[in-house]
Each structure stands twice: as structure tokens, then as C-alpha cells.
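Structural description and commentary
What follows is the residue order along each chain.
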Amino acid sequence: MATETHGEAEAGLVFHPMDQFQVTPLFGAGPVEWFTITNATLWMGLSILVIFVILVLGARGRALVPTRSQSIAELAYGFIYKMVEDVTGKDGVAYFPYIMTLFMFIVVANFLGLLPMAFTTTSHIAVTAVMAMAVFLAVTVLGFVKNGFGFLSVFWISSAPLILRPILALIEVISYFVRPVSHSIRLAGNMMAGHAVIKVFAAFAPLVLISTGIGLVVTPLSILAITAIYALEVLVSFIQAYVFAILTCVYLRDALHPHH
Amino acid sequence: MANMAWRMVIELVAGIVIGFGIGYGLDWLIGTLPIFLILFTGLGFVAGVRTMMRTAQEVQNMHMARAADEKEG
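1. Topic: the overall build of chain B
Looking only at helices and strands, one finds 2 helices and 0 strands in chain B. The C-alpha radius of gyration of chain B comes to 18 Å, more than 25% above the 11 Å expected for a compact globule of 73 residues. Seen through its C-alpha atoms, chain B measures out along the principal axes to roughly 65 × 15 × 15 Å. The proportion of buried residues among the 73 residues of chain B is 27%. Looking at chain B alone, contacts between residues at least 24 apart form 56% of all its contacts between residues at least 6 apart. Here chain B has roughly 4,800 Å² of accessible surface; of this, 74% comes from carbon and sulfur atoms. Computing the positive centroid from 5 side-chain charges and the negative centroid from 6, chain B places the two 3 Å apart.

2. Quick look at the packing of aromatic side chains
As enumerated under the stated definition, the model contains 16 aromatic pairs over all chains in all. With a centroid separation of 6.3 Å and 90° between ring planes, the pair formed by tyrosine 176 of chain A and phenylalanine 177 of chain A is classed as edge-to-face. Judged by relative accessible area, which is 9%, tyrosine 176 of chain A ranks as buried. Phenylalanine 177 of chain A gets classed as partly exposed once you look at its relative accessible area, which sits at 40%. Consider the rings of phenylalanine 36 of chain B and phenylalanine 40 of chain B, whose centres lie 6.3 Å apart with planes at 45°: the pair is tilted. Here phenylalanine 40 of chain B and phenylalanine 36 of chain B lie together in helix 2 (residues 33–72), a separation of 4 residues that amounts to about one turn. Using a relative accessible area of 25% as the deciding quantity, one classes phenylalanine 36 of chain B as partly exposed. Using a relative accessible area of 9% as the deciding quantity, one classes phenylalanine 40 of chain B as buried. Here a set of aromatic residues connected by ring pairs shows up, and it is made of Phe136, Phe144, Phe149, Phe151, Phe155, Tyr176 and Phe177 of chain A.

3. Concerning helix 2 (residues 39–57) of chain A
Residue and element names in this part refer to chain A. Compared with the 27 Å implied by 1.5 Å per residue over 19 residues, the 25 Å span of helix 2 between its first and last C-alpha is a close match. Every buried residue of helix 2 is listed here: Asn39, Ala40, Trp43, Ser47 and Ile51. Along the long axis of helix 2, the arc covered by the buried residues comes to 120°, so they all point the same way. Among the structural elements, helix 4 (96–113) are those in contact with the buried residues of helix 2.

Rules used in this analysis
Residues numbered from 1 in each chain as written. Chains lettered and ligands numbered in written order. Predicted model: local features only at pLDDT ≥ 70, side-chain atom pairs only at ≥ 80, totals over all residues. Heavy atoms only, no water. Helix = DSSP H or I, 4+ residues; strand = E, 2+ residues; numbered from the N terminus. Rg over C-alpha atoms; globule rule 2.2 N^0.38 Å. Buried < 20%, exposed > 50% of the residue type's maximum accessible area, 1.4 Å probe, protein only. Contact = heavy atoms within 4.5 Å. Areas by Shrake-Rupley, 256 points an atom, 1.4 Å probe, with all protein chains shown as cover. Lys, Arg positive; Asp, Glu negative; His and termini not counted. Charge placed at Lys NZ, Arg CZ, Asp CG, Glu CD. Phe/Tyr/Trp six-rings, centres within 6.5 Å; stacked < 30°, edge-to-face > 60°. Expected span 1.5 Å × (residues − 1). Arc of directions from axis to C-beta.

Put into C-alpha cells, the structure is as follows:
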């Protein structure tokens, strides 16, 4: 009897945790091509719009005693500026606009993705990989421009015995290429995992409609779990944007001062 | 802290995957299938461990700095 109701319940529940990540064209049907306007385009555009509202319109008053939106803008600016200064040093401040842009885009895209029915652009590896590759290429080019071929000394460990150095150089080169991979996978993976977990719990929530017995226990539990995971996701959204920005700073520091 | 653990795991796995990719690519070019694959997967693993250890060092430095701050303040 119990197994019977259980089987019925499973048949009635709908599990589609990954459907929220589907990229679909907004206008008309058909394949997604290079310049097709999709939900990803829409939500990236919305992120830019929100950043514009916060940073440009919000801070337009330039009041001595800031309004609410102006203090958000000032807090974000001060927070990132201090981070760049602390991690990269005084000469890294020249690259502050780039890091600020990255941070604001990721944090706003993450928060917008938490809205119900929203599409999380940063959950796609395509988006995060482009950002990570841009950082990787920029930092590598910068390293060569600033230090010339001396930048290659990062891979040539002069403290090791001479015979080991070519092997160590190979290892160092590989670990240099680990950076953009881990940089992009971490952000996309964190966002995707959290959102998928919320969806899985959400699929359990309507169980009370199917079988009142187990449902009375499972439904409140799953709603509680959704709330808890959602709170965690708010935290993760911010932390992941912060981690992306701080790692960019660390890579920048390595490019500017390769000798330590 | 869970965040740091994730970072280290991804770095380790990424190292192995990149090493595997390089090795497989070289074998595909030269036609010596298992040799470079094994060699570079091993190197990739070492590179992953190195990156991971560097991250651990970073975490430790951060903790030491915080502890020093608390002692002063």
C-alpha cells in the first residue's frame, strides 16, 4: 500500500531542474545563431541596464550626504578600489576600471538570476569562459609588455637544480593554463549547481497535492529547504563575483611583478 | 571556507584534464598513442597539486595576517 502511493507520487512529480538554463530565441522559433536575440541576450542587457541605473543615474546627484542609491554606488566603488589597491599594489590601480566592470557585471547578473523566472547568464560556461579568457589574454599580454621576455622567468625556477628545470617549466606552463579553466568553471558551476538544487527541491514541494500522507511532511520541509538554499545562493552570488574579481587582481599582480 | 575547498578541487581536476588534453593532442599528431598521454597526465596532476598548494599557502598567509591584526588590535 505504502509503496503504491509512493510510486504514484513519483509519477506525478515533475523534475526538470536543468530546463531553466535553456537558451531560447525570444522572437519566433528557429535555431539559435550568432545574432539571434535570446533570453541570454535579454538578461545580459538587463544587467547592463541595472548597472547603469545604479552607477550612473544613482550617483548623478553627487550629494555630500549620499542618497540610498548613491551610497550603493559609492560602497561598490570603494570596496573594489580598496581590493585592487591591497592585492595588486599602487601600480595596479591603473587597471581598476576593468576589474570594476567585471565585478559589477557578474554581481548584478548573479542577483538578477535569483529572481523567479529569470535566466542566469553567469550559469553558462560560454559567458564565464569568455570573461576568463579575456582576463587570461590581457594578463599574459600585459606581462610580456611590462617585463619583455623576462616574464618567461615565471616558468623557469632558478632555485631548482638545472636538470629538473625543463620538467618544472613544463609543469609551470600547465599550471599557468589551469588558471582560466578554474576561473571560469568555478563561477558557472557554482551558479548552475545552486539553481539546479533549488529546482529539485521545488519539484518536491507539490507532493501534498498528490499524496497527503507523505506530502504533509515533505512539502513544508522542501519549502524550508528552498528558503535556506535561496539565502545561501544570495551569499554565493556575491562571493563568487568577489572571488572572480580578486583572482583577476592576483593574476594582474603576478603579471606586473613576476619575480615573487 | 567551502569556497576555498571548491577552488582547490577545481584546480586539481583542471590540471589533470589539461595535461590529458595536451598529451592526447601530441599523441594524435605524432601517432604514439599511450606515451605522451601518460606522461602529460602525470605532469598535469603535478601541476594541479602545485596550483592547489599555492592556493593553500595563500589561505594560510591570509589567516596569519588576520591573526597578526587581531593581536595588534
